[in-house]
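Structural characterization, general
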Amino acid sequence: MASRTTSNVASELLPRNASRKSFVIQNEDATDIVYVKLERAENTSVSTTDHDFRLGPGASLALNASTDGIQAIQSRITCIASANTPRVSYFETEDILR
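These figures come from a predicted structure and were not determined experimentally.

Turning to the overall build of the protein, a few remarks are in order. Tallying secondary structure elements over the protein gives two helices and eight strands in all. Ordering the α and β elements of the protein from the N terminus gives β-β-β-β-β-β-α-α-β-β. In summary, the protein has a C-alpha radius of gyration of 13 Å against a globular reference of 13 Å for 98 residues, a match within 12%. Expressed along its principal axes, the backbone C-alpha trace of the protein runs to roughly 35 × 25 × 25 Å. Where the 10 positive side-chain charges of the protein centre and where its 12 negative ones centre are 2 Å apart.

Okay, the nonpolar core next. Phe23, Ile25, Val36 and Ile77 are the most contacted members of the largest nonpolar core, which totals 16 residues. Elements that contribute at least two residues to this core include exactly strand E2 (11-14), strand E3 (20-27), strand E4 (34-39), strand E6 (60-64), helix H2 (70-74) and strand E7 (76-81). Here this core takes three residues from E4, the largest share from any one element. Setting aside its immediate chain neighbours within four residues, valine 36 contacts Ile25, Val46, His51, Asp52, Phe53, Leu55, Leu61, Ile77, Thr78 and Cys79.

A regular strand places its side chains on the two faces of the sheet in alternate fashion. The buried fraction of E4 is high, at six of six residues. Residues Val34, Val36 and Leu38 point to one face of E4 and Tyr35, Lys37 and Glu39 to the other, with burial holding for every one of them. Bridge count for E4 against strand E5 (residues 53-55) is three bridges, and the pairing is antiparallel. Of the residues in E5, the one forming a bridge with valine 34 is leucine 55.

Residue-level pLDDT values for the protein average 95, and 100% of them are 70 or greater. When mean pLDDT is compared element by element in the protein, E5 scores highest at 98, while H2 scores lowest at 92.

Below, the discussion takes up the pattern of salt bridges. Evaluation of the coordinates by the stated rule reveals four salt bridges. Taking the shortest distance from any N to any O, the salt bridge between glutamate 92 and arginine 20 comes out at 2.6 Å. Within this pair, whereas glutamate 92 is found in strand E8 (residues 87-94), its partner arginine 20 is found in strand E3, the two being separated by 72 residues in sequence. For aspartate 50, the salt bridge identified is with lysine 37, shortest N-O distance 3.0 Å. Of this pair, aspartate 50 sits in the loop between E4 and E5 while lysine 37 sits in strand E4; the two residues are 13 residues apart in sequence, bridging distant segments of the chain. Residue aspartate 50 is classed as partly exposed on the basis of its relative accessible area of 33%. Using a relative accessible area of 13% as the deciding quantity, one classes lysine 37 as buried.

The next thing to look at is the pairing of E7. Counting buried positions along E7 gives six out of six residues, so the element sits mostly inside the fold. Residues Arg76, Thr78 and Ile80 point to one face of E7 and Ile77, Cys79 and Ala81 to the other, with burial holding for every one of them. Judged from the three bridges that link them, E2 and E7 form a sheet pairing that is antiparallel. Of the residues in E7, the one forming a bridge with glutamate 12 is threonine 78. Here E4 pairs with E7 via six bridges, running antiparallel.

About the criteria used
- Here the residue numbers are simple positions, counted from 1 along each chain's written sequence.
- Local features in a predicted model are, by the rule used here, given only for residues with pLDDT of at least 70; side-chain atom pairs are given and counted only at 80 or more, and totals for whole chains, interfaces and linings are based on all residues.
- Excluding hydrogens and water, the side-chain figures rest on all heavy atoms present in the structure.
- Starting at the N terminus, helices and strands are each numbered in turn, a helix being any DSSP run of H or I of at least four residues and a strand any DSSP run of E of at least two.
- Based on C-alpha atoms, the radius of gyration is set beside the globule rule, defined as 2.2 Å times the residue count to the power 0.38.
- The charge count includes Lys and Arg as positive and Asp and Glu as negative, but it does not include His or the ends of the chains.
- For this purpose, a charge sits on NZ of Lys, CZ of Arg, CG of Asp or CD of Glu.
- By nonpolar core we mean a set of buried residues, namely Ala, Val, Leu, Ile, Met, Phe, Trp, Tyr and Cys, connected to one another through side-chain atoms within 4.5 Å.
- Type-normalised accessible area, obtained with a 1.4 Å probe on protein chains alone, sets the label of each residue: buried when under 20%, exposed when over 50%, and partly exposed for intermediate values.
- Contact between two residues is taken to exist if any of their heavy atoms lie within 4.5 Å; hydrogens are not considered.
- Strand pairing is assigned whenever DSSP identifies at least 2 bridges connecting the two strands.
- pLDDT is defined as a per-residue confidence score from the predictor, taking values between 0 and 100.
- By salt bridge we mean one thing: a side-chain nitrogen of Lys or Arg within 4 Å of a carboxyl oxygen of Asp or Glu.

Okay, structure coming up:
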């Protein structure tokens, strides 16, 4: 899984991807919360009060096209930390062989 740190400034974690079939996101931090949003607009609007998912310390989120729908899977995914710079890991699958 790839990983990166995030901060208390909203940022893009995964860009919009029409070929994506599933993804997993994990908050690797032991104390801080990461908020995740599936963005459909061009502007990044994720915040601690406007988000789709709250990932507590060590929590993960997994979505796939079969159970969660194509629109949710292919959206741009943004995140923001509650504090500090927690590490977030992510993995996505596609229908394309590269």
